[in-house]
Amino acid sequence: MIKVSGVSKKFKLYHTPTDRLKEKILRKKYHREITALENISFEVKDGQTLGIVGQNGAGKSTILKVLSGVMLPDEGLIEVDGKITGLLELGTGFDQELTGLENIFMNGTFLGMDKTEIERKKDEIIDFTELEDFIYDPIKTYSSGMLMRLAFSIAMHAEPKCFLVDEALSVGDAYFQQKCMRKILEFKNNGGSIIFVSHDMNAVKIVCDSAILLDHGHIISSGDPKDIIDYYHGMILQKAHMGDAEVIVYDMNDTKDCTGRKNPNASTGEVELISFKILNSKNEETLYIESEQVIKVIYQVKALKELSDPHFGLHVRNNLGVSVFETNTYCSGIKTFTLKKGQIAELVWEFFFPLSAGDYSFSVGVANKGYGKDAFEEYLLMAHDIEVLKVIPNDSAIIYSGVFNMKPKIKIQEMYGNKS
Ligand SMILES: Nc1ncnc2c1ncn2[C@@H]1O[C@H](COP(=O)(O)OP(=O)(O)OP(=O)(O)O)[C@@H](O)[C@H]1O
């Protein structure tokens with residue numbers, strides 16, 4: 001369990017080192033104050049992971065430093081049930097001149113292990129890093145990925161109750177990142193609490209049970225990771241252009257034309273999602289398809305106020321919450337039209353669904369006034385996971401595993417080599 005109550009941290013920035021001296025002698029202010037954290041409170045229970053997201057300079061690393069004890073807060077209380085370790089800024093608690101092995105002893109002691117404990121765990125720590133003989137080299141010769149392997153392995157083997165993960169994880173190669181993620185999930189399943197700081201929103205979705213969004217040292221939103229990430233995306237106006245689905249937008253002036261399978265009942269007071277359905281390649285409404293067929297997603301949105309330049313999005317996620325496809329009419333270059341108060345637009349998205357067997361959820365977004373490549377002035381609705389489509393393997397396709405069928409063309413030829 002980690003409990004943070006009312007934590008604040010300010011930094012004084014001096015233009016030159018002599019300004020600090022001048023301030024002392026002349027008793028005049030020569031610094032600029034930066035509020036890195038202001039009255040931050042949150043709690044992470046056992047077996048839970050909290051994601052912290054925010055733009056550069058939002059205060060994420062400062063929280064981790066305060067939690068790990070590298071830095072003291074100006075105000076507030078931090079309660080941690082058990083040992084807290086983690087993967088922080090690389091190099092913290094390491095000596096560049098010492099070998100990897102010597103650093104296991106030094107950093108291990110720093111993380112609260114005694115010599116006998118380190119001696120006992122040393123082989124396991126080295127095995128996890130897969131650094132082999134490099135472990136006998138000074139760490140100043142290590143790449144950042146190698147250093148991350150070492151730091152992660154020591155931090156995990158210190159048997160913490162709480163673990164802090166920051167961007168340092170991303171310097172590892174894909175193989176080792178996955179290995180670390182598995183270890184992190186295992187730690188969580190065994191009751192450990194995790195704080196996860198990342199700019200990788202998919203990783204936040206997979207790993208975190210809740211999230212907070214930091215901005216200029218303040219928590220501006222907290223809750224379900226999906227909502228926080230959508231809020232964050234909206235904030236930084238960076239919705240990625242991901243694809244070229246065929247989209248048709250119909251103007252439906254009359255509500256009695258609503259043919260949706262059900263009322264998804266998502267309204268924000270500005271727009272209302274009044275129907276949502278999925279059709280298979282035979283135009284039959286369904287929630288169950290074979291992979292690799294063309295499907296249609298049809299939904300209707302009612303304007304509850306006039307929308308001068310409405311745009312509509314669709315987001316598909318897999319069962320881990322990982323985004324597999326997201327786009328909107330603006331990014332797809334689809335022209336829409338002004339929706340008067342009470343008018344309804346029907347969106348028909350037709351696309352090939354190549355994804356492997358599994359459950360896929362659909363979310364719908366509505367925004368107004370697009371500008372730039374993928375930014376909107378008003379984000380009006382984000383209806384999460386309103387429908388789940390079950391995809392089963394396509395019998396006529398090759399047998400494969402992975403995310404989708406890449407339909408390889410495979411050639412094999414018999415070669416006549418030397419028989420000697
Ligand atoms: N040691 C320091 N001295 C002075 N200012 C600092 C110090 N550390 C952080 N800050 C300031 O505090 C604010 C928060 O910084 P922090 O590193 O916590 O942000 P962050 O969210 O981790 O950013 P990033 O995503 O770039 O890592 C920033 O304005 C930063 O300039």
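Worth saying up front: this structure is predicted, and the values here are computed from it rather than measured. (Residues numbered from 1 in each chain as written. Predicted model: local features only at pLDDT ≥ 70, side-chain atom pairs only at ≥ 80, totals over all residues.)

Engineer: Looking at this structure, how should I read the environment of serine 361?
Structural biologist: If you trace the backbone, serine 361 turns up in strand S18 (residues 358-371). What makes serine 361 partly exposed here is the crowd of 18 C-beta atoms within 10 Å. On a C-alpha basis, the gap between serine 361 and leucine 389 in space is 6.2 Å, while along the polypeptide they are 28 residues apart. Aside from chain neighbours lying at most four places away, what touches serine 361 is Arg317, Asp385 and Val388. (Helix = DSSP H or I, 4+ residues; strand = E, 2+ residues; numbered from the N terminus. Buried ≥ 20, exposed ≤ 12 C-beta atoms within 10 Å, placed from the backbone. Contact = placed C-beta atoms within 7 Å.)

Engineer: What should I look at first to understand the sheet that holds strand S5 (residues 84-87) in this one?
Structural biologist: Working definition: the strands of a sheet are paired by backbone hydrogen bonds and lie parallel or antiparallel to each other. Spatially, 6 strands are ordered S5-S6-S7-S3-S8-S9 in an open sheet, and the strand pairing comes out mixed. Of all the strands in the sheet, the pair left with one neighbour each is S5 and strand S9 (218-223). Mean inter-strand twist for the sheet, computed between neighbouring axes without regard to direction, equals 20 degrees. Two elements, strand S8 (residues 210-215) and S9, share 5 bridges in a ladder whose sense is antiparallel. Following the sheet pairing, leucine 213 is matched in S9 by serine 221. In the packing of helix H2 (residues 60-68) onto the sheet, the strands contacted are strand S3 (49-54), S5, strand S6 (162-165), strand S7 (193-197) and S8, and the crossing angle to S7 comes to about 150 degrees. (Pairing = 2+ DSSP bridges. Axes fitted to C-alpha atoms, helices over the stretch in contact; angles between N-to-C directions.)

Engineer: It is not clear to me how the nonpolar core should be interpreted in this structure. Could you clarify?
Structural biologist: Nonpolar side chains in soluble globular proteins generally cluster together in the buried interior. By size, the foremost hydrophobic cluster in this structure holds 63 residues, and its most contacted members are Leu87, Leu164, Val165, Ile195 and Phe196. It is helix H5 (residues 144-157) that provides the largest number of residues to this core, a total of 9 residues. Counting residues in hydrophobic clusters, the runner-up holds 34 residues, among them Ile278, Ala345, Tyr360 and Leu380. (Core = buried A, V, L, I, M, F, W, Y, C linked by C-beta atoms within 7 Å.)

Engineer: I would appreciate a short explanation of the environment of glutamate 326 in the present structure.
Structural biologist: Residue position: glutamate 326 is located in strand S16 (residues 323-328). The class of glutamate 326 is partly exposed, set by 19 C-beta atoms lying within 10 Å. Linking glutamate 326 and leucine 314, residues 12 residues apart in sequence, is a C-alpha distance of 5.7 Å.

Engineer: Is there a simple way to explain unusual backbone geometry in this structure?
Structural biologist: Peptide bonds are trans in most cases, and residues, glycine excluded, mostly fall at negative phi. The phi angle at glutamate 132 is positive, at roughly 50 degrees, despite the residue not being glycine. Mapped onto the elements of the fold, glutamate 132 is located in the loop between helix H4 (115-129) and H5. Residue classification places glutamate 132 among the exposed positions, given that 9 C-beta atoms sit within 10 Å.

Engineer: Even after reading the chapter, I still don't get the site of the ligand, so can you show me in this structure?
Structural biologist: The local shell around the ligand consists of Phe11, Leu13, Ile34, Ala36, Gly54, Asn56, Gly57, Ala58, Gly59, Lys60, Ser61 and Thr62. Those elements that provide at least two residues to the shell around the ligand are strand S1 (2-14), strand S2 (31-44) and H2. Sorting elements by how many residues they give to the shell around the ligand places H2 first, with 3 residues. Residue classes in the shell around the ligand are distributed as 5 nonpolar, 6 polar and 1 charged. (Near = placed C-beta within 6 Å. Nonpolar A, V, L, I, M, F, W, Y, C, P; charged D, E, K, R; others polar.)

Engineer: When you look at the packing of H5 against helix H6 (residues 174-189) in this model, what are you seeing that I'm missing?
Structural biologist: When two helices pack together, their arrangement is given by the angle between the helix axes and by the axis-to-axis distance. Viewed as axis vectors pointing N to C, H5 and H6 meet at an angle of 15 degrees, and their least axial separation amounts to 11 Å. Considering the angle they form, H5 stands roughly parallel to H6. As H5 packs across H6, the resulting crossing turns out to be left-handed. Contacts between H5 and H6 involve Gly145, Arg149, Phe152 and Met156 from the former and Phe176, Cys180, Lys183 and Phe187 from the latter. Taken together, the residues that form the contact of H5 with H6 break down as 5 nonpolar, 1 polar and 2 charged. (Parallel < 35°, antiparallel > 145°, perpendicular 65-115°, else oblique. Left-handed = near helix turned anticlockwise from the far one by under 90°.)

Engineer: Can you walk me through the pairing of S8 in this structure?
Structural biologist: Two faces, one strand: in a regular strand the side chains alternate between the faces of the sheet. As defined by bridge partners, S3 adjoins S8 across 5 bridges and the pair is classed as parallel. The residue bridging valine 53 from the neighbouring strand is leucine 213, located in S8. Linking S8 back to S9 in an antiparallel pair, the connection comprises 2 residues, with histidine 216 at a positive phi of about 45 degrees.

Engineer: Can you help me understand H4 in this one?
Structural biologist: For an α-helix, the turn length of 3.6 residues means that residues three or four places apart are oriented alike. With 15 residues, H4 ought to run about 21 Å at 1.5 Å a step, and its terminal C-alpha atoms sit 20 Å apart, in line with that. Where H4 bends most, at lysine 121, the angle is about 50 degrees. Buried residues in H4 make contact with helix H3 (100-110) and H5. Glutamate 130 lies just past H4 and shows a positive phi near 55 degrees. (Expected span 1.5 Å × (residues − 1). Bend = angle between axes of the 7 residues up to and from the residue.)

Engineer: How should I be thinking about the sheet that holds strand S13 (residues 288-290) in this particular structure?
Structural biologist: Pairing is mixed across the open sheet formed by 5 strands, whose spatial order is S13-S19-S18-S15-S16. Taken across any chain shown, the strands that pair with only one partner, and hence form the sheet edges, are S13 and S16. Each strand axis lies, on average, 30 degrees off the axis of its neighbour in the sheet, ignoring direction. Sheet topology note: the strand S15 (residues 310-317)/S16 ladder contains 5 bridges and is antiparallel. Within S16, the residue paired with leucine 314 across the bridge is threonine 327.

Engineer: Please clarify how the confidence of the model for the chain should be interpreted in this entry.
Structural biologist: Caution applies to low-pLDDT regions: their predicted coordinates should not be interpreted in detail. For the chain, per-residue confidence averages 85 on the pLDDT scale, and residues scoring 70 or more make up 91% of the total. At the level of individual helices and strands, the chain shows its lowest average pLDDT in strand S10 (residues 246-252), which scores 49, and its highest in H4, which scores 96. In the model, residues 237-247 has pLDDT below 50 throughout and makes 30 contacts with residues more than four positions away in sequence or in other chains. Scored below 50 in pLDDT, residues 251-262 makes 22 contacts in the model with residues more than four places away or belonging to other chains. Complex prediction metrics read pTM 0.64 and ipTM 0.95. (pLDDT = per-residue confidence, 0-100.)

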